[in-house]
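Summary of structural features
Letter by letter, the chains look like this.
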Amino acid sequence: MIVTLSFDLTLLYVFAANVIAILVYVLLLKHRMRRLRRSIEAISAVIADYFRADGIDVRVECLPGQTSKGFIAFIESEPMKRFRYSNIIETSLRLHVLRTCREDLDRVFWRFPFHGKNQAAEENAREMDISDDKHDEYIREGLEAIKKKEAYDIQEGSWDEFKDTVIKNDAGQKP
């Protein structure tokens, strides 16, 4: 018994072209993922270095944007007075990332974590004993305000201020 098989060369070429196209597509997807991962790592490192130059230790995570080509940065740091106007910092940070990585930061989210109540109470007591050089003024002001809420705030005033206050109260005006 003799079995003969005949292959149509056209079908073989179409099958080979499909396999090659699938392999090229998979390799292209892997290349894009590697490039995206490298971009995320580079942006995170650049942002951390940007703040480290000022002596601020931050933790940075980046994600690719959903609709645009930009990236979303999540920055976690201790609460500091210099971050009060973070919109100004974000503008210069976006320009720095654009210059160094050639990538756009679409959005920047800030996180300033606080500890739980028990941990915060212990740290508050220790915080007031630490010198001003080691901690930021913003935290110190907040802790002092918390301590003052428990006590009265008594200050000296002049006799003229007292008279003005009494006259305003007698006239029905608020001091």
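For the structure itself, look to the data block above.
A brief structural summary. Given the structure is predicted, the values throughout are model-derived calculations rather than measurements. For every chain, the first residue of the written sequence is number 1, and numbering continues from 1 along that sequence. In keeping with the predicted nature of the model, local features appear solely for residues at pLDDT of at least 70, side-chain atom pairs appear and are counted solely at 80 or more, and the whole-chain, interface and lining totals rest on all residues. Side-chain numbers here rest on the full set of heavy atoms in the structure, without hydrogens or water.

Concerning the overall build of the chain
- Put simply, DSSP H or I for four residues or longer makes a helix, DSSP E for two residues or longer makes a strand, and each gets a number counted from the N terminus. Along the backbone of the chain there are five helices and three strands.
- Taken from the N to the C terminus, the helices and strands of the chain come in the order α-β-β-α-β-α-α-α.
- Each of the 175 residues in the chain was classed as buried or not, and the buried ones make up 20%.
- Only heavy atoms enter the contact rule, under which two residues are in contact if any of them lie within 4.5 Å. Looking at the chain alone, contacts between residues at least 24 apart form 55% of all its contacts between residues at least 6 apart. In this scheme, a residue with accessible area under 20% of its type's maximum is buried, one over 50% is exposed, and one in between is partly exposed, where area comes from a 1.4 Å probe on protein chains only.

A short note on the pairing of strand β1 (residues 59-64)
- Relative to strand β2 (residues 71-76), β1 runs antiparallel, the two being bridged by six bridges. Bridge pairing in β2 places Pro64 opposite Phe71.
- As consecutive antiparallel partners, β1 and β2 are separated by six residues. Here, a strand pair is defined by DSSP locating no fewer than two bridges between the strands.

Re a nonpolar patch on the surface
- To count toward a patch, a residue needs a relative accessible area over 30% and no salt bridge; like charges are then connected within 9 Å, while nonpolar side chains (Val, Leu, Ile, Met, Phe, Trp, Tyr) are connected within 5 Å. Areas reported here follow the Shrake-Rupley algorithm with a probe of radius 1.4 Å; residue values treat only the protein chains shown as occluding. The rule for a salt bridge is simple: a side-chain nitrogen of Lys or Arg has to be within 4 Å of a carboxyl oxygen of Asp or Glu. Where nonpolar side chains cluster on the molecular surface, the patch consists of Ile22, Tyr25, Val26 and Leu29 and spans about 380 Å² of accessible area.
- Residue placement: Ile22 occurs in helix α1 (residues 9-52).

Here's the deal with the packing of aromatic side chains
- By convention, a stacked pair of Phe, Tyr or Trp rings (six-membered ring in the case of Trp) has centres within 6.5 Å and planes under 30 degrees apart, an edge-to-face pair has planes over 60 apart, and any other such pair is tilted. Here the structure, examined in full by the defined rule, presents seven aromatic pairs.
- Arranged with centres 5.3 Å apart and planes meeting at 85°, the rings of Tyr50 and Phe51 form a pair that is edge-to-face.
- Under the relative-accessibility criterion, Tyr50 is labelled partly exposed at 22%.
- Judged by its relative accessible area of 2%, Phe51 falls in the buried class.
- Judged by centre distance (5.9 Å) and plane angle (35°), the rings of Phe83 and Phe112 are tilted. In this pair, Phe83 is assigned in the loop between β2 and α2 (86-101) and Phe112 in the loop between β3 (105-111) and α3 (117-127), connecting sequence segments 29 residues apart.
- Judged by its relative accessible area of 4%, Phe83 is buried.
- With relative accessibility at 29%, the residue Phe112 sits in the partly exposed group.
- Members of the aromatic cluster, each reached through a chain of ring pairs, are Tyr50, Phe51, Phe83, Trp110 and Phe112.

Quick notes on the nonpolar core
- We define a nonpolar core as any set of buried Ala, Val, Leu, Ile, Met, Phe, Trp, Tyr and Cys residues linked to one another through side-chain atoms lying within 4.5 Å. Counting 22 residues, the largest nonpolar core has Ile43, Ile47, Phe51, Ile75, Val97 and Leu105 as its most contacted members.
- Elements that contribute at least two residues to this core include exactly α1, β1, β2, α2 and β3.
- Looking at this core, the element that brings in the most residues is α1, giving six residues.
- Look past the residues within four positions of Phe51 in its chain and what remains in contact with it is Ile56, Val58, Ile75, Phe83, Ile89, Leu93 and Trp110.

Points about α2
- What a helix is expected to span follows from its residue count: subtract one and scale by 1.5 Å. Counted at 1.5 Å a residue, the expected span for α2 with its 16 residues is 22 Å, and the 21 Å between its end C-alpha atoms agrees.
- Among the residues of α2, Ser86, Ile89, Glu90, Leu93, Val97 and Cys101 are the ones counted as buried. Buried residues of α2 fall within an arc of 100° about the axis and therefore sit on the same side. α2 presents Ile88 and Arg99 as exposed residues on the side facing more than 90 degrees away from its buried surface.
- Buried-residue contacts for α2 involve α1, β2 and β3.
- Note on α2: the residue one or two positions beyond its end, Arg102, has a positive phi of about 60°. The arc in question is the one spanned by the directions pointing from the helix axis to the C-beta atoms.

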